[in-house]
Amino acid sequence: GPGMKGEFLPINEPLEYFVDAQGAGPGKLDCTIHRPMGYNGFGGNDPKVIDNDDGTFKIVYTPNAVGRLKMNCNFADQAIPSTPIKLQIFDASKVRAFGEGLKDGNLAGSLTSFKVDTKGGGEGNLKVDIQGPGQTQVSLKEEVNHTMVCLYSPPEAGEYDISVLWCNKDIPRSPFHVSVNPTVDSNAVVCFGEGLQSGCVFADSWAEFTVDTRKAGKGEPRVEVVGPYGTCDCQQTSQADGLYTIRYNVETAGEHFVYVSFAGQPIPSSPFQIGALWNTDISKVKIFGSGLQGGMINEWAEFSVDLSRAGSGNLKVLVEGPSQPEMTMEGEDLVKVKILPKEPGEYKVSVKFSEIHIPGSPFSMTFKAPTDATKVKVNPPGLLEEEAVCVNQQIMFAVDTSDAGDGDLDVAVYGPFGCNRNVAVRRIQDGYTIRYTPDQPGKYEMAMQFAGTEVPTSPFKFGVFDPSEVVLSGECLSEESVKMGEEICLTADMSKAGQGRIEISVRGPATVEVTSERKYDDTHVFKFTPSKPGDYKASIMINGKHIHGSPFTIRVKGADVIDGSAACKAYGPGLSAGLLANQETYFNVDIIGARGGKLYCKIIGPDGAEIPFDIQAIDASRYKVVYTPLVGGTQSVSLSYAMGTLISGGPFPVAVCNPPAVRVCGKGIEKGIVNKMMEFTVDTCKAGVGNLDISVDGPANIKADIINNKNGTHLVKYVASKAGIYKFWIKFGDVKIRENAFAVLIENKEAD
């Protein structure tokens with residue numbers, strides 16, 4: 001009977017099976033239907049068994065649901081050979097097709113697709129056949145959720161019939177009737193002519209250009225021209241097959257946009273941007289008046305524009321600057337222009353006739369405010385908000401003189417050693433920036449004058465402290481270790497460090513209580529008693545800055561250990577000179593011959609701060625210490641093993657170079673004069689250890705003389721024999737201090 005060879009069977013169509021039991025003797029034939037998961041029967045739709053009374057039987061069954069079924073046949077309560085029969089039922093009416101590939105309007109030669117959802121159709125196979133003007137290949141791709149994607153490319157335009165069959169039966173609406181349009185290519189459309197060229201289109205006239213569609217396929221172009229005041233009148237005439245003449249009326253000067261499309265698609269370069277001109281002579285426009293030189297704010301500046309000989313067109317005046325000034329314009333052939341700026345600064349005045357700048361435009365005008373020192377705004381962080389400033393720490397703040405008028409700012413600093421005028425004052429857009437680095441602890445005053453008048457709240461008072469001048473003493477600092485339970489006493493002498501607040505924090509294996517006592521001689525005594533052995537870190541800071549050597553390591557021992565430091569050896573690039581700041585390095589420590597202890601390490605930077613490190617065990621007798629130098633200078637690396645003495649050769653001094661910390665200042669690094677000695681300063685105080693090297697590229701050979709001031713700064717002198725731009729390359733420690741060279745403009749004479 002059907003389905004016994006694995007073929008797919010349609011739903012709701014009767015199935016008949018023949019059973020020959022003539023050689024099996026008497027008995028009863030039973031037949032049942034089983035679905036997967038043990039569900040039996042289909043709502044009473046069971047197989048019907050007909051006894052032919054000759055030892056044969058006929059089974060009639062009409063499936064009413066899709067899926068995989070089993071028909072079990074028993075004779076005399078025993079299964080008949082070749083049973084159960086596996087039935088695969090499908091329903092083509094439940095299969096659905098959809099997508100752009102089944103719609104009208106696809107283009108010949110273009111790939112399109114549609115999807116077929118077979119989820120409700122049961123088991124089966126999909127077949128797609130396309131009949132049309134040309135032979136069409138179909139590609140089927142299976143997706144998730146019982147969905148198939150059908151891809152095809154119609155070779156020619158025309159009518160196509162697409163048959164979608166599920167198990168060789170048409171699904172609903174199959175075959176689908178689809179109209180395919182001819183192929184068009186808007187990219188093949190070419191436009192040319194003076195009507196598309198700026199400078200060839202003038203107001204109050206018709207402009208013309210040609211559209212060539214001969215290589216683009218069948219269709220007509222669509223043209224729209226939009227000007228400053230809306231859509232322009234446009235005429236389209238067909239010259240020959242595929243050639244069109246376009247004429248549009250230009251009513252006014254200004255930007256026009258020409259939109260050209262073909263078959264509903266914009267062509268390349270559309271919209272075309274065309275600048276329409278007035279029939280004018282811009283060279284005949286004259287401008288004059290004292291207002292072109294600028295003036296004072298809140299006062300009218302006036303100038304005139306003579307258009308009497310320039311022809312037809314529109315005059316436009318645009319002012320750009322720190323504020324939007326009031327402006328009036330009166331007259332026709334001779335236009336009087338008046339502007340009233342509210343804010344000081346440089347203004348640019350653009351004067352256009354027929355959308356074109358007149359000779360000399362844009363004009364630069366400078367407007368100044370009346371001088372008033374009371375309107376100088378000073379906000380120096382580090383002077384007013386903080387208790388004190390750290391020595392050698394640069395103080396930098398801005399002074400806003402934008403409302404104070406025209407004038408110069410003078411700044412002087414009075415400190416422990418009298419008046420110091422070595423203050424960097426630099427003009428910026430709204431005023432000045434102030435930079436000053438105190439080099440001695442003590443009390444300071446900063447006096448400030450604008451245009452010869454003291455500014456409000458001047459002089460500014462502030463204190464300077466030096467953490468390196470704090471002297472710390474105590475027996476625990478000189479001993480290799482102290483015993484657990486003994487009181488530790490530390491004395492900090494602040495007599496030469498300047499004013500400030502000193503604090504101590506101790507971290508270690510156990511929490512300790514620290515007592516603090518201030519003495520009359522400006523010393524502070526700190527006491528605490530450790531209760532557990534191990535390393536304790538005592539951080540001592542003045543005004544939040546670590547003093548020299550802080551944090552200090554105090555080793556507390558509880559029981560004797562074997563000293564293995566003498567048997568250890570340290571080596572590697574991290575202990576060599578020439579390291580670069582902010583670049584990770586390492587060194588190795590061999591402990592062959594040592595035993596019974598632990599490797600201890602302490603790395604102190606040039607600024608007294610402790611540098612973090614990571615000790616990694618390579619094997620049972622070797623360690624790797626990884627760290628990153630943070631600042632330039634000479635750092636100290638101390639190593640010991642089993643809380644013993646320092647490892648041989650230690651502490652190790654390591655020179656670190658930090659080229660980005662080099663600072664360059666002075667007029668000679670900004671600009672210069674031909675055949676005049678120019679100077680600038682290179683500050684390497686915070687850059688560590690290294691050699692300074694300067695090379696110069698430019699129109700003429702320059703030899704830069706470097707003078708070491710013996711205080712971390714260098715004076716550089718040079719003379720340029722030719723004008724032009726010179727590039728100064730500055731290296732410290734054989735590394736560029738920045739990626740780009742300093743560009744210095746050398747002029748023939750000094751600017752007024």
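I will try to describe carefully the structure that is included in this document. (Residues numbered from 1 in each chain as written. Predicted model: local features only at pLDDT ≥ 70, side-chain atom pairs only at ≥ 80, totals over all residues. Heavy atoms only, no water.)

Looking at the pairing of strand β20 (residues 221-227)
Then, number 1: Here β20 shows a buried face lined by P221, V223, V225 and G227 and an unburied face lined by R222, E224 and V226.
Then, number 2: Pairing of β20 with strand β24 (residues 254-262), which is carried by six bridges, proceeds in the antiparallel orientation. From the neighbouring strand, V226 faces β24, where its bridge partner is F257.
Then, number 3: Here β20 pairs with strand β21 (residues 230-231) via two bridges, running antiparallel. Residue pairing in the sheet places V226 in a bridge with T231 of β21.
Then, number 4: In this structure, the hairpin formed by β20 and β21 is closed by a connection of two residues. (Buried < 20%, exposed > 50% of the residue type's maximum accessible area, 1.4 Å probe, protein only. Helix = DSSP H or I, 4+ residues; strand = E, 2+ residues; numbered from the N terminus. Pairing = 2+ DSSP bridges.)

Some details on the packing of aromatic side chains
Then, number 1: For the structure shown, the criterion picks out 10 aromatic pairs.
Then, number 2: Each ring, one from Y444 and one from F462, has its centre 5.5 Å from the other, and the planes form 15°; the classification is stacked. Taken together, the residues Y444 in strand β43 (residues 442-450) and F462 in strand β45 (residues 460-465) connect sequence positions 18 residues apart. For the pair Y444 and F462, a shared accessibility class is recorded, and that class is buried.
Then, number 3: Feature note: the residues Y436, Y444 and F462 constitute an aromatic cluster, connected by ring pairs.
Then, number 4: One cation-aromatic arrangement involves K338 over W300; the distance from NZ or CZ to the ring centre is 5.1 Å.
Then, number 5: Positioned above the aromatic ring of F742 is the side chain of R738, whose terminal nitrogen or guanidinium carbon lies 3.7 Å from the ring centre. (Phe/Tyr/Trp six-rings, centres within 6.5 Å; stacked < 30°, edge-to-face > 60°. Lys NZ or Arg CZ within 6 Å of the ring centre and 35° of its normal.)

Structural notes on unusual backbone geometry
Then, number 1: For the bond from S361 to P362, the omega torsion is 0°, close enough to zero to count as cis.
Then, number 2: Here S550 and P551 are connected by a cis peptide whose omega angle stands at 0°.
Then, number 3: Position of P551 relative to the elements: it lies in the loop between β53 (545-546) and β54 (552-557).
Then, number 4: The backbone of D53 sits at a positive phi, close to 60°, despite the residue not being glycine.

Observations concerning the environment of P551
Then, number 1: Its relative accessible area of 10% is what places P551 among the buried residues.
Then, number 2: Along the primary structure P551 and V506 are separated by 45 residues, whereas in three dimensions their C-alpha atoms are 8.9 Å apart.
Then, number 3: When sequence neighbours within four positions are dropped, the list of residues in contact with P551 reads K537, A538, S539, H546, K602, I604 and E610. (Contact = heavy atoms within 4.5 Å.)

Thoughts on the sheet that holds strand β29 (residues 301-306)
Then, number 1: In spatial order, the strands read β27-β29-β32-β31; together these four strands make up an open sheet with antiparallel pairing. Whereas interior strands pair on both sides, the edge strands pair on one side only; in this sheet they are β27 (286-288) and β31 (326-330). Taking the axes of each pair of neighbouring strands and ignoring which way they run, one obtains an average angle of 20° across the sheet.
Then, number 2: As defined by bridge partners, β29 adjoins strand β32 (residues 334-340) across six bridges and the pair is classed as antiparallel. Each bridged residue has a counterpart across the sheet, and for D306 the counterpart in β32 is L334. (Axes fitted to C-alpha atoms, helices over the stretch in contact; angles between N-to-C directions.)

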